[in-house]
Amino acid sequence: MGPFAAIRAYHPSAHITLLTTRPFAELAGACPWFDEVWLDDKPPLWRLDKVLALAGRLRGGHFERVYDLQTSDRSSWYFRLLGKGVEWSGIAKGCSHPHANPQRDFMHTIERQREQLAMAGINKVPPPDLAWAEAVPGRFDIPGRFVLLVPGGAPHRPAKRWPVERFARSACWLVERGFTPVLLGTNKERAEIEVITAACPQAVDLGGRTGLPDIIALARRAEAALGNDTGPMHLIAAGGCPSVVLFSHESDPSLCAPRGNVTVLRRPSLAELGETEVEAALDGMLPAP
């Protein structure tokens, strides 16, 4: 969010197109920084027809400069698809504005992107700010005080998940303190959400029902949030919600922890993290019952 705002401020009259993937389309369309949002279905290299179609669309955009904020092997490959004559900020070999810091992989994402943009001439990058989303309407009328729980995460990285039974017990603890647990996740987390609702019937199940703008609206109203190291927790924290985020050996909070009113708890294995410590961290954020 910070780099998006910085790029728009640096190019106030430019026609700016964001290339992103389908899960982020709704949120991207609501952002104030882009004139267009294009979807990238990330065609496999063996689908030559789709790769050629993507290359044709990119070249047809007649872009003067690209800011590659993903800086992956795949996004760097798009530098080749665009052909010569386009300025490029990123790590693609031969690009005009490389992020030429050999230690870049050891920097927090926010500092890394800030330095990347400075090397491209953009010296002022604000912190992530979702003030523009204050008009996002809340679709869910949850009475009283509530706390967001995010028990899921990337399906292929189960070590990043705190045991769901502990989420369930913490949900019951929240109810005892007078707060309603609100469960967020996709349909892929259905099993985890059902474990929690079985143990804590007072929990509100919003699994599979929230888009990213909904999460922003909920974060603005929630008293706090508890979750694994997963995308929605970054959005919740950026929305200003006091958050407890749980990390295992699978990811390094010094490189990718959400910023803001955030408490990070980390163990080599999240099975080693008990409810007592998690609830104590939450307790320090919650208002008096």
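See the structure above.
In what follows, the accompanying structure is described. (Residues numbered from 1 in each chain as written. Predicted model: local features only at pLDDT ≥ 70, side-chain atom pairs only at ≥ 80, totals over all residues. Heavy atoms only, no water.)

1. Here's the deal with the packing of helix α6 (residues 164-176) against helix α11 (residues 275-283)
Packing of α6 against α11 brings their axes to within 10 Å, and their N-to-C directions diverge by 40°. Classified by the interaxial angle, the pair formed by α6 and α11 is oblique. In this structure, α6 crosses over α11, and the sense of that crossing is right-handed. Within the contact between the two elements, α6 uses Arg166, Arg169, Ser170, Trp173 and Leu174 and α11 uses Glu275, Glu279, Leu282 and Asp283. Class assignment of the residues belonging to the contact of α6 with α11 gives a composition of three nonpolar, one polar and five charged. (Axes fitted to C-alpha atoms, helices over the stretch in contact; angles between N-to-C directions. Helix = DSSP H or I, 4+ residues; strand = E, 2+ residues; numbered from the N terminus. Parallel < 35°, antiparallel > 145°, perpendicular 65-115°, else oblique. Left-handed = near helix turned anticlockwise from the far one by under 90°. Contact = heavy atoms within 4.5 Å. Nonpolar A, V, L, I, M, F, W, Y, C, P; charged D, E, K, R; others polar.)

2. Details of the sheet that holds strand β7 (residues 180-183)
The sheet built from six strands is open, its strands ordered β8-β7-β6-β9-β10-β11 with parallel pairing. Either end of the sheet is taken by a strand with one partner, and the two such strands are β8 (204-205) and β11 (262-266). (Pairing = 2+ DSSP bridges.)

3. Considering the packing of aromatic side chains
Per the stated rule, a full pass over the model turns up eight aromatic pairs. Between tryptophan 162 and phenylalanine 167, the aromatic rings sit 5.0 Å apart at their centres with planes inclined by 75°, giving edge-to-face as the arrangement. Taking relative accessible area as the criterion, tryptophan 162 reaches 2% and is therefore assigned buried. (Phe/Tyr/Trp six-rings, centres within 6.5 Å; stacked < 30°, edge-to-face > 60°. Buried < 20%, exposed > 50% of the residue type's maximum accessible area, 1.4 Å probe, protein only.)

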